[in-house]
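Close look at the chain arrangement
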Amino acid sequence: MKENFCIGESPKIDYVALGPINETAPLIGDKQNQTATGSHYNKNSLQSNARSSSGYDAYTPTCLESCCFCVYKRYELNQGQVYVLNEARDECSILFNKEDEAHRFYVIKLWEKVFPGQELDPVTLKSDQWKTIGFQNVDPSTDFRGGGLMAARNLLYFTQNYSDKFERIRKDSHGYLFAASCVNLTYFITHYYRISRNSQYVEKKKKYANLKDLHGFSSILRKNGMDAMHELHALMAIYMHQVWMVKSRDPNFNMLRFGEVLDSTKKFMMQLAHESPKSLLELQTKGDFLISRIPSQM
């Protein structure tokens, strides 16, 4: 049974997307527990944890959402939004498997884009050239293990759709592992929105997307599919490199402090989520604006 993205805090109801998607339809839950939908919502029901049938923690309301019911109702996800979050979770939970020809396809396409005219073993995928764009060793699949197949898809999308920016980054990023860092960015996104079954979620120690953030992201997913993921990753990659360029001007800055760059990029992702863009264009516009506001000294 598919593990579903659950929202709300109804008493142990496993929400699933059933039948054709209706933009305005409420979430569909267990027919024996219809008090969780329609007019029988009650504020006290927000206090228990929402879990899937396997007990996976999917969404826990923030203090504001728990105390202010009107906030919760305003950003309640409809059936279509739950559906696309489930679909995104399915895609983001695929581990990279070099033995799978369909997985190697993305790496080969990445090679053809970044190293045109050069040969690559289509089975081993190994080459010293991978290190020149920031992979840790000759086999990029070892890095992709940290972000799954989605990490490979995100990086390919970036090189294909932001080729000019990638080439500039390629020339300037010799001081850090750009490609390997992009795998981290994929992990940040899937972890923040809790759309990977391969992550451990500890509510008390980590910050995750609140219901408003999920509402905005799922709206873009619904309209644009996984391009929402790819574009968010691309913006984060551009932001990460810009922050690196600023910080690297400091003679005291070195790779031991690269975590500061990643932390700054995570904050950018969260700030962009809090802006609640509702379309791909709005996501790009707000992202570009925040990138333009990076100070000349950090």
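Residues numbered from 1 in each chain as written. Predicted model: local features only at pLDDT ≥ 70, side-chain atom pairs only at ≥ 80, totals over all residues. Heavy atoms only, no water.

1. Notes on the pattern of salt bridges
Per the counting criterion, the structure on display carries ten salt bridges. Close ionic contact of Lys247 with Glu260 constitutes a salt bridge, the shortest N to O distance being 3.3 Å. Placement of Lys247 in helix H10 (residues 227–247) and of Glu260 in helix H11 (residues 258–274) is noted, with a sequence separation of 13 residues between them. Lys247 gets classed as buried once you look at its relative accessible area, which sits at 10%. In this structure Glu260 comes out as partly exposed when scored by relative accessible area, which is 29%. Salt-bridge contacts for Lys266 lead to Asp263; the nearest nitrogen and oxygen are separated by 3.7 Å. Here Asp263 and Lys266 lie together in helix H11, a separation of three residues that amounts to about one turn. On the basis of relative accessible area, Asp263 is assigned to the partly exposed category, the value being 40%. Several salt bridges converge on common partners, so that one network encompasses Lys247, Arg257 and Glu260. (Salt bridge = Lys/Arg side-chain N within 4 Å of Asp/Glu carboxyl O. Helix = DSSP H or I, 4+ residues; strand = E, 2+ residues; numbered from the N terminus. Buried < 20%, exposed > 50% of the residue type's maximum accessible area, 1.4 Å probe, protein only.)

2. As for empty space enclosed by the protein
Here the structure, examined in full by the defined rule, presents one cavity of 30 Å³ or more. If you go around the largest cavity, you meet 14 residues; those closest to its centre are Tyr193, Phe217, Ala273, Pro277 and Leu283. Among the elements of the structure, helix H9 (211–224), H10 and H11 are those that each provide at least two residues to the lining of the largest cavity. Of all the elements, H9 adds the most residues to the lining of the largest cavity, at five residues. (1 Å grid on protein atoms, 1.4 Å probe; cavity = no way out; pocket = protein on both sides within 12 Å on 5 of 7 lines; lining within 4 Å. Points joined across faces, edges and corners; volume = space filled by probe spheres on them.)

3. Here we look at the confidence of the model for the chain
Averaged over the chain, the pLDDT score is 79; the fraction of residues at 70 or greater is 73%. Low confidence marks residues 1–58, where pLDDT is under 50. Its contacts with residues over four positions away, or in another chain, come to 130 contacts. (pLDDT = per-residue confidence, 0-100. Contact = heavy atoms within 4.5 Å.)

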